[in-house]
Amino acid sequence: GMIYSIGPDEVGVIQRFGRYLGLSSPGLHAKIPFGVDRVTPIKVEKIFKEEFGVRSSGADLSNRRSYRVDLEQSLMLTGDLNILDVRWIVQFKIKDPIRLLFVVRNPRDVIRDVSEIVMRRLVGDYSVDEVLTIKREEIDHLAQMEMQRILDEYQAGVQVITVKLLDVNPPDKVKPAFNEVNEAKQEKEKMINQAWEA
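Because the structure is predicted, anything quoted here is derived from the model rather than measured.

Caption draft 1: Up close: the environment of Gln 144. Mapped onto the elements of the fold, Gln 144 is located in helix H5 (residues 136-153). For the pair formed by Gln 144 and Ser 115, sequence separation is 29 residues and the distance between their alpha carbons is 8.7 Å. Every residue in contact with Gln 144, bar those within four places of it in the chain, is listed here: Val 160, Ile 161, Thr 162 and Val 163. Side-chain polar atoms of Gln 144 contact the backbone oxygen of Ile 161, separated by 3.2 Å.

This is the structure:
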């Protein structure tokens with residue numbers, strides 16, 4: 001049609017014969033018909049969310065492939081060579097719709113790749129105890145900064161709003177060993193405390 005509408009949370013990227021022409025604001029607009037002008041609405045206010053390594057409780061276990069992919073994504077090595085099962089989310093906005101259309105075809109793929117690389121590198125910089133406890137917010141913050149830096153280098157037109165570690169679990173295979181180590185630690189602390197009290 002000749003009239004098109006851009007929603008309140010969108011901008012329209014106008015292309016004429018495939019070349020960038022301009023942006024149109026929210027509201028009703030006219031365009032040259034017959035495929036001369038093409039308008040792509042892009043949600044610039046919306047916050048998009050990507051989840052990583054998250055297997056929802058209602059997971060379809062018949063779908064083993066996606067389960068394996070999730071696992072490959074989320075199993076990481078810490079700086080002191082422990083294996084962790086890391087799950088996190090990334091929230092982002094489209095800050096530059098022109099770049100998004102012309103430089104990055106699919107922002108989700110780029111976000112997913114960059115996020116996984118950054119998180120893997122960061123987890124490798126910390127000890128297992130730090131990732132499980134005191135350094136989580138620091139990792140969130142550094143991951144956000146580092147992702148933004150890389151995405152800007154790619155001119156991806158994306159703004160990273162939050163990166164947040166959700167669950168960090170010793171993976172099921174190493175859980176028993178992990179628990180034994182923890183119990184041994186606690187036992188040792190208890191003995192030391194009792195020795196102090198005596």
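Caption draft 2: Region of interest: the pattern of salt bridges. All chains considered together, the criterion is met by 15 salt bridges. For Glu 50, the salt bridge goes to Arg 108, with nearest N and O atoms at 2.7 Å. Of this pair, Glu 50 sits in strand S6 (residues 48-52) while Arg 108 sits in helix H3 (residues 107-123), and the two are 58 residues apart along the sequence. With a relative accessible area of 7%, Glu 50 lands in the buried category. Arg 108 gets classed as partly exposed once you look at its relative accessible area, which sits at 46%. With a shortest N-O distance of 3.2 Å, Arg 120 and Glu 116 are connected by a salt bridge. Within this pair, Arg 120 and its partner Glu 116 are both found in helix H3, separated by 4 residues, close to a single helical turn. Residues participating in the shared-partner salt-bridge network are Arg 121, Glu 146, Arg 149 and Glu 153.

Rules used in this analysis
- Residues numbered from 1 in each chain as written.
- Predicted model: local features only at pLDDT ≥ 70, side-chain atom pairs only at ≥ 80, totals over all residues.
- Heavy atoms only, no water.
- Helix = DSSP H or I, 4+ residues; strand = E, 2+ residues; numbered from the N terminus.
- Contact = heavy atoms within 4.5 Å.
- Polar contact = N/O pair within 3.5 Å; in protein donor to acceptor, adjacent residues only side chain to side chain.
- Salt bridge = Lys/Arg side-chain N within 4 Å of Asp/Glu carboxyl O.
- Buried < 20%, exposed > 50% of the residue type's maximum accessible area, 1.4 Å probe, protein only.

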